[in-house]
Each structure stands twice: as structure tokens, then as C-alpha cells.
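In case you want the letters, here they are:
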Amino acid sequence: MLRLSRLIVLASAVVALIGTDRVDAQRSQANTLTGKPPIVIGHRGASGYRPEHTLAAYELAIAMGADYIEPDLVSTKDGVLIARHENDITGTTDVSDRPEFARRKKTKTIDGVEYTGWFTEDFTLAEIKTLRAKERIPELRPGSAQFDGLYQVPTLQEVIDLAKRKSIETGRVIGIYPETKHPTYFDSIDLSLEEPLAKVLRQNNLDDADDPVFIQSFETENLKQLNKLVDVPLVQLFDEADAQPYDFVASGDSRTYGDLTSPEELAKIAEYADGIGPFKRLIIPSQAVNENGDGKPDDVNGDGELSEADRRLATEPTSLVDDAHAAGLLVHPYTFRNESFYLAVDYANNPEAEYEQFFRLGVDGLFSDNPDTAFVVRNRIACGTQNPKYSQQGRNRRVWTPGGTGNPCR
Ligand code: G3P
Ligand code: CA
């Protein structure tokens, strides 16, 4: 039997898909774990508009209202943490066009998958700094690709410096949300990520429980290790239900991310983490459409490709948000993107409808490539305003100090 709260959420979600006028009529505060408004996390910066993981992308995310900026972290040969989604930098830098690095091209197995390209662990920071970032998906984001070749790959320290500087300039507290990428792999090549991450946070006085920092990982053991190194909140990421944390694979543990969504497993996660970062389809599942009965997924929008835009949402959310909250865990799902390519059929090309649905389900924040859209909807749903306030820079000016993330609605 559906619980009353679930029915209310479902009714809200349906209204969200009908139109914003009717949604406005039932404006309400978000039903988060803490009662605070949900946070907007600039996923790889404002990566819908600038090449990901560049200072320009992070700076734009902050200008668009992001409360946190998200650097994924990998290591250089000399042990410096830099912001890249993978250690394979073939697709996000100009390294393949640089003859001086041609001989660095290698084939490696990372987390059980073979890649051929150029890898951060084979470059010193000084060498990495000679490269320039480029847009990962220029075919979907030609506007961002116009900025190819302009920006360096930033270090974690440079991302922190930006967050501090922008906190002072804007009067908001801009948090950082670093993710350790491939921690088992980096352990295996003696470039462990956890100690340098903890060291950088300590050097910046950002290692306490109330500092504006979340650390995230798809693996579990390294989060348990980080739990002993720093006091900042930790977030256990969940990939698709049938995938496994790579440290489970390495140790022969057969549990999947789907298994980890059970109330019993969530209670265990709450012993070392403060939140979960689930793939959004673990909250609102979707399924392929097969209306022509051929047993194959239909290309609903006729663009010649199968994508989220060809899938329909389940009529009912899972209990993951409620179950995580019951375990005392925050819920920060990923990844929200504006392009129709990434939007399920049900949203009718309206990305705001998706944000609204999730905010009404009570998520405590979300990762967005388009933080301007996330910000506007968050404010409408959870802050009681439709008018972005982030342009009022300089008001209530505050310096970067440990002591909480502030109220994102201010
Ligand atoms: O960290 C949340 C989300 O970023 C995880 O996915 O692959 O974009 O790092 P990914
Ligand atoms: Ca990430």
C-alpha cells in the first residue's frame, strides 16, 4: 500500500510534468533530511557551458548559484591531485595533438576495463600544466567547445583557492565536493589519493566536520580510510544497480550497488558516511519503450540514437530517499543535465520538470551540469522565491571561515 507521503510526492511529480503555473500554486519547502534547502552542486563546474573541470567552469558554476563545486580527483606522476574525471586525459585535453608526448600513449587496464590513451600518472604536474582542456562532448555542447584550448588543468589547491576567493567576493560560502577517482587503481601504482587529499584539506583548514566540504567515492574502503583521516562529511556514491564498487570486485565481494540500497546496508554505510550520491535512476527508474512490439528499444525521438530521451520514467519512485533519510543519510543524486539527449521522454524537453520532481521527493542536493537551471528551480521550490539572488554579490560579505555551509537561500 502506498504511504500518504509517497502519494503526495507522486501527485507533486505529476503536477511538475504538467506545467509550472500549477506547480507554483502549491509551492512548498523541500522535505530534506535536515529541513535545510537542498544544495546545488556544480558538477565538474558548470560543465554544460564550459570544458569540464577547469577554473572557468567552476567560476561560472559559482556565478550561476552553485553552493558547491565538484572536482573529480586523479594524481599526477609526482603525486599532485588534479581535477579530471579520469586519469585517461585523451578526451578532455589536447594531449593527443602534442608531439612531445606522443610516446606517452599507453594501453592500461583501469578497474577491469582496457583503455588506450594518455594517463595523468605518466605526467608531472609541470607537464600537465602545458596541456589545455577541451570539451568532452562537442557534438552536444558546441557552445562549450568554443572554449577549447583556453584553460589549464587545475590542481585541487587551485580549486580551493577559487572557492575561497569567490566566497569572499560573493559573500556566500562556496563549498568543495571532491571525488576520489579509481582509488584502488591509484593505490596499486603507489599514488594513493587519500593521504594527499587529507593533507591538502588540513593545510587549508578544511578538515573539520562543519567545514564546507563533502568527499565522495564510488568505492567503499577508501571512504572508510578517509573517515579516519578527516572529519568532513563523506558521501558514498552508487552507480547503476547491477554495477559493483571496484574495491568489492577486487576483494571478491559480490554485492552490487543495488544491494547497497537496502535499509540494512544503508545503516552500515551510515557508520562511516554522512550521505549517499546515487545515480538518479535509483530514485526514479526509467525503462526503454517498445511500442512497435519488436522486442527492441524504440528510438522514440527519431534521432538515430538510443538515449535517456527514448526512455520513460517509472510511475512510482523507489523508497531510496526515505530509506536513506531513515538511516540518517543525506541524498545527493547525479547527474542533471539540460540537453534533451539526457532527459527522459516524460519531461517533454523541460529540464526544470526533472529538478522539480527530485526536489519535491526531498533530495538534499543534486549534481548539475547546468547549475543556473538547478538554482532557479531550487529557489522556487525550497526558498519561496523565483528571483535568483546570486547576482547580489557583495551583500552580507563574509570571509571564508570554517563553521558551516550557511543557508543557500540567503
Ligand atoms: O560524483 C557524482 C557524479 O559526478 C558521479 O559521476 O562519473 O560524473 O563522476 P561522475
Ligand atoms: Ca564526480
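These remarks concern the structure in this document.

What counts and how
Residues numbered from 1 in each chain as written. Chains lettered and ligands numbered in written order. Predicted model: local features only at pLDDT ≥ 70, side-chain atom pairs only at ≥ 80, totals over all residues. Helix = DSSP H or I, 4+ residues; strand = E, 2+ residues; numbered from the N terminus. Buried ≥ 20, exposed ≤ 12 C-beta atoms within 10 Å, placed from the backbone. Contact = placed C-beta atoms within 7 Å. Near = placed C-beta within 6 Å. Nonpolar A, V, L, I, M, F, W, Y, C, P; charged D, E, K, R; others polar. Pairing = 2+ DSSP bridges. Core = buried A, V, L, I, M, F, W, Y, C linked by C-beta atoms within 7 Å. Axes fitted to C-alpha atoms, helices over the stretch in contact; angles between N-to-C directions. Parallel < 35°, antiparallel > 145°, perpendicular 65-115°, else oblique. Left-handed = near helix turned anticlockwise from the far one by under 90°.

So, the overall build of the protein chain
The helix and strand inventory of the protein chain stands at 15 helices and 15 strands. Split into buried and exposed, the 410 residues of the protein chain put 47% on the buried side. Long-range contacts, defined here as pairs at least 24 residues apart, represent 68% of the contacts in the protein chain between residues at least 6 apart.

Concerning the site of ligand 1
Taken together, H43, D72, H85, E179, Q216, L237, G277, Y334, T335 and F367 make up the full set of residues near ligand 1. A class-by-class count of the residues in the shell around ligand 1 yields 3 nonpolar, 5 polar and 2 charged.

Side note on unusual backbone geometry
Most peptide bonds take the trans configuration, and most residues that are not glycine carry a negative phi. Backbone torsion omega between Y334 and T335 reads -20 degrees, so that peptide bond is classified as cis. By the element assignment, T335 lies in the loop between strand 14 (330-331) and helix 14 (351-361). In this structure, D111 is a non-glycine residue whose phi angle is positive, near 50 degrees. Within the secondary structure, D111 is located in the loop between strand 5 (106-110) and strand 6 (113-117). The class for D111 is partly exposed, based on 17 C-beta atoms found within 10 Å. For A348, which is not glycine, the phi dihedral falls at a positive 50 degrees. Topologically, A348 is positioned in the loop between strand 14 and helix 14.

Brief notes about the sheet that holds strand 1 (residues 39-43)
The strands that make up a sheet pair up through hydrogen bonds in the backbone, lying either parallel or antiparallel. Strand order in the open sheet formed by 4 strands is 7-2-1-15, with parallel pairing between adjacent strands. Looking at which strands have only one partner, the edges of the open sheet turn out to be strand 7 (175-176) and strand 15 (365-368). Alignment of strand 1 against strand 15, held across 4 bridges, turns out to be parallel. Bridged to G42 within strand 15 is S368.

Here we look at helix 14
Because an α-helix packs 3.6 residues into every turn, residues spaced three or four apart end up facing the same way. For helix 14, the buried fraction is high: 10 of the 11 residues fall into the buried class. All of the buried residues in helix 14 are P351, A353, E354, Y355, E356, Q357, F358, F359, R360 and L361. Of the residues one or two after helix 14, G362 is the one with positive phi, at around 95 degrees.

Here's the deal with the environment of R202
Here R202 is to be found in helix 8 (residues 194-203). Here the alpha-carbon distance between R202 and L229, two residues 27 residues apart in the chain, equals 9.7 Å.

Concerning the nonpolar core
Ranked by internal contacts, the top residues of the largest apolar core, which has 94 residues, are A61, I69 and V159. Setting aside its immediate chain neighbours within four residues, I69 contacts G42, G45, Y58, A61, I62, V159, A163, I174, I176 and Y177.

Notes on helix 3 (residues 55-63)
Taken together, the buried positions of helix 3 are L55, A57, Y58, L60, A61 and I62. Those residues of helix 3 that are buried lie in contact with strand 1, strand 2 (68-70), helix 6 (156-170) and helix 15 (371-383). Positioned one or two residues after helix 3, G65 has a phi angle of 110 degrees, which is positive.

Observations regarding the environment of Q287
Residue position: Q287 is located in strand 12 (residues 286-288). Residues Q287 and A314 lie 27 residues apart in sequence; the distance between their C-alpha atoms is 7.2 Å.

Things to note about the packing of helix 14 against helix 15
At a closest axis distance of 9 Å, the pairing of helix 14 and helix 15 adopts a crossing angle of 45 degrees. Judged on the interaxial angle alone, helix 15 and helix 14 are oblique. You can see that helix 14 and helix 15 cross each other, and the crossing is right-handed. On the side of helix 14, the interface is formed by P351, E352, Y355, E356, F359 and R360, while helix 15 contributes T373, A374, V377, R378, I381 and A382. For the contact of helix 14 with helix 15, the residue count by class is 7 nonpolar, 1 polar and 4 charged.

Details of the pairing of strand 5
In regular strands, side chains alternate between the two faces of the sheet. Relative to strand 6, strand 5 runs antiparallel, the two being bridged by 5 bridges. By the bridge assignment, T107 is partnered in strand 6 with T116. With antiparallel pairing between neighbouring strands as the criterion, strand 5 and strand 6 make up a hairpin whose turn holds 2 residues, including D111 at a positive phi of roughly 50 degrees.

Overview of the sheet that holds strand 8 (residues 179-180)
With mixed pairing, 7 strands are arranged side by side in an open sheet as 4-3-8-9-10-11-14. Two strands bound the open sheet, and with one partner strand each, they are strand 4 (81-83) and strand 14. Pairing of strand 8 with strand 9 (residues 215-217) involves 2 bridges; the strand directions are parallel. From the neighbouring strand, T180 faces strand 9, where its bridge partner is S217. Along the sheet, helix 8 contacts strand 3 (72-75), strand 4 and strand 8; its crossing angle with strand 4, the most-contacted strand, is approximately 85 degrees.

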